[in-house]
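Listed below are the residues making up each chain.
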Amino acid sequence: AALEQDRDRKLALVSNLPALRQEVADLNAALKEAVAQLPDTKEIPDLLSGISAVARESGLEIQQFRQKPETYQEFYAEVPVEILVKGTYWQVEAFFKRVSGLTRIVNVGNIGIKAPTLIENDPVKLQTSCAATTFRFLDEAERARIAKERQEKEGKKK
């Protein structure tokens, strides 16, 4: 009876094998797609210059574009950039829309609009500040280094 149960369980597994293989293939494809949206270290400067170009293409005057230190999570790093631009409301809106259309993941937050400037016969210009954050995967060596640094930090706290 035990052998028959074992055989029936294994037959069920074998009959399920094509579906499981398809699920693994689907998960691998989803992983490749996610990795494609996160740049690696070499691509960060190009991505940041691309965001700057999008601001200029939207008609904005860039007053500040400063990359801040990365913050590390378990398997990825956040790459924040402080942005300060001047332009009309519609130019700012066009910039945000273009950033949302980039192939890489870029979150825009901490948006502040202030200092409206009105010059006769010109549209109102606004000074807009925001934080754009993109992300990148950490390779194995970086993950190991960060884990070691966290362990050392935890050891010093005790």
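Going by the structure above, here's the rest.
Rules and cut-offs
- Residues numbered from 1 in each chain as written.
- Predicted model: local features only at pLDDT ≥ 70, side-chain atom pairs only at ≥ 80, totals over all residues.
- Heavy atoms only, no water.
- Helix = DSSP H or I, 4+ residues; strand = E, 2+ residues; numbered from the N terminus.
- Expected span 1.5 Å × (residues − 1).
- Buried < 20%, exposed > 50% of the residue type's maximum accessible area, 1.4 Å probe, protein only.
- Arc of directions from axis to C-beta.
- Contact = heavy atoms within 4.5 Å.
- Core = buried A, V, L, I, M, F, W, Y, C linked by side-chain atoms within 4.5 Å.
- Axes fitted to C-alpha atoms, helices over the stretch in contact; angles between N-to-C directions.
- Left-handed = near helix turned anticlockwise from the far one by under 90°.
- Nonpolar A, V, L, I, M, F, W, Y, C, P; charged D, E, K, R; others polar.
- Polar contact = N/O pair within 3.5 Å; in protein donor to acceptor, adjacent residues only side chain to side chain.
- Pairing = 2+ DSSP bridges.
- Salt bridge = Lys/Arg side-chain N within 4 Å of Asp/Glu carboxyl O.

Undergrad: Looking at this structure, I do not really get helix α2 (residues 44-57). What am I missing?
TA: The α-helix winds at 3.6 residues per turn, so residues separated by three or four positions along the chain end up facing the same way. Here α2 is 14 residues long and its end C-alpha atoms lie 20 Å apart, about the 20 Å a rise of 1.5 Å per residue gives. Those residues of α2 that fall on the buried side of the exposure criterion are I44, L47, L48, I51, S52, V54 and A55. The buried residues of α2 occupy an angular sector of 155° when the element is viewed end-on, so they sit on one face. Pointing more than 90 degrees away from the buried face of α2 are the exposed residues P45, D46 and E57. Looking at the packing, one finds that the buried side of α2 touches β1 (61-67), β3 (76-87), α3 (89-100), β4 (106-117) and β5 (125-137). Trailing α2 by a residue or two, G59 shows a phi angle of about 90°, which is positive.

Undergrad: What's the story with the nonpolar core in this structure? I'm lost.
TA: Side chains that are nonpolar tend, in soluble globular proteins, to be buried together. Counting residues in hydrophobic clusters, the biggest one holds 17 residues, and the most contacted among them are L48, I51, L60, I83, F95, V99 and V106. Breaking this core down by element, the ones donating at least two residues are α2, β3, α3 and β5. Tallying contributions element by element places α2 first for this core, with six residues.

Undergrad: Any chance you could explain unusual backbone geometry here in plain terms?
TA: Phi is mostly negative for residues that are not glycine, and the peptide bonds are mostly trans. If you check the backbone angles, N110 has positive phi at about 50° while not being a glycine. Mapped onto the elements, N110 comes out in strand β4. For N110, a relative accessible area of 69% puts it in the exposed group. Positive phi, normally seen in glycine, also occurs at A115, with a value near 50°. On the basis of relative accessibility, which here comes to 41%, the residue A115 falls in the partly exposed class.

Undergrad: Hey, could you run me through the packing of α2 against α3 in this one?
TA: When two helices pack together, their arrangement is given by the angle between the helix axes and the distance between those axes. Contact pair α2 / α3: the axes reach a minimum separation of 9 Å and the direction vectors enclose 145°. Note that α2 runs across α3; the crossing there is right-handed. Contacts from I51, V54, A55 and E57 in α2 reach F95, R98 and V99 in α3. When the residues that make up the contact of α2 with α3 are grouped by side-chain class, the tally is five nonpolar, no polar and two charged.

Undergrad: Please clarify how the side chain of R136 should be interpreted in this entry.
TA: Relative to the elements of secondary structure, R136 occurs in strand β5. Overall, R136 belongs to the buried group, its relative accessible area being 2%. A polar side-chain atom of R136 sits 2.9 Å from a polar atom in the side chain of E70. A polar contact of 2.9 Å, which involves the side chain of R136, links it to the side chain of E142.

Undergrad: Help me understand the pairing of β5 in this model?
TA: Remark: a regular strand shows side chains that alternate across the two faces of the sheet. Pairing between β3 and β5: twelve bridges, direction antiparallel. Bridge pairing links P80 to T133 in β5. In terms of strand pairing, β4 meets β5 through eight bridges, oriented antiparallel. Considered in β5, the bridge of I113 is made with T128.

Undergrad: Before we go on, may I ask you to explain the pattern of salt bridges in this structure?
TA: Side chains carrying opposite charge are able to pair once their charged atoms draw close together. Counted under the stated rule, the structure contains nine salt bridges. A salt bridge links R7 to D8; the shortest N-O distance between them is 3.1 Å. A salt bridge links R136 to E142; its shortest N-O distance comes to 2.9 Å. Taking relative accessible area as the criterion, E142 reaches 14% and is therefore assigned buried. Connected through salt bridges with shared partners, the residues D6, R9 and K10 form a single ionic network.

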